Amino acid sequence: MKWLSRIITLVLFIFFFVLALKNTQETALYFFWGYELRGPLVLIVLCFFVAGAFLGLMTMIPVVFRRQRELAKQRKRIAELEQAQETHVKTNETSSASTVSVSKTE
């Protein structure tokens, strides 16, 4: 399965590399108020792809931090519950042992 994934990755890389080589003509990108950006189509598309990926990651940061805080709270709660359970089990073992010793003496 790993080799299939690598073959697909290689084919996609070659496809996009050839596509980039074929689209090197100069392109104009027009903005508001008469601003204009000229450059190879490949670079303009790459810049917008990188900017989109960066903005997508920036919008995910608050969600990631919120999930990290929630996970830390849940882990702390689990540790508290496990400690309470251990204390409860030890208390029951001690009380059952004293009950057994009392019933043997009677």
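Attention here is on the structure that accompanies the text.

What counts and how
- Residues numbered from 1 in each chain as written.
- Predicted model: local features only at pLDDT ≥ 70, side-chain atom pairs only at ≥ 80, totals over all residues.
- Heavy atoms only, no water.
- Salt bridge = Lys/Arg side-chain N within 4 Å of Asp/Glu carboxyl O.
- Helix = DSSP H or I, 4+ residues; strand = E, 2+ residues; numbered from the N terminus.
- Pairing = 2+ DSSP bridges.
- Phe/Tyr/Trp six-rings, centres within 6.5 Å; stacked < 30°, edge-to-face > 60°.
- Buried < 20%, exposed > 50% of the residue type's maximum accessible area, 1.4 Å probe, protein only.

Glancing now at the pattern of salt bridges. The final tally for this structure, using the stated rule, is 3 salt bridges. Residue arginine 38 pairs with glutamate 36 through a salt bridge whose shortest N-O separation is 2.6 Å. In this structure, arginine 77 and glutamate 80 form a salt bridge, with 3.9 Å as the shortest nitrogen-oxygen distance. In this pair, arginine 77 and glutamate 80 both sit in helix 2 (residues 41–105), 3 residues apart, roughly one turn of the helix. One salt-bridge network, in which partners are shared between bridges, spans Glu26, Glu36 and Arg38.

The next subject is the pairing of strand 2 (residues 36–40). Where strand 1 (residues 26–30) meets strand 2, 5 bridges bridge the pair, whose relative direction is antiparallel. Of the residues in strand 2, the one forming a bridge with alanine 28 is arginine 38. Counting the residues between successive antiparallel strands, the hairpin from strand 1 to strand 2 contains 5 residues, one of them, tryptophan 33, with a positive phi of roughly 55°.

This next bit is on the packing of aromatic side chains. Applying the stated criterion to the full structure yields 3 aromatic pairs. Note on phenylalanine 15 and phenylalanine 16: the rings are 5.2 Å apart at their centroids and 70° apart in plane angle, and the pair reads as edge-to-face. Among the residues examined, phenylalanine 16 registers a relative accessible area of 48% and is labelled partly exposed.

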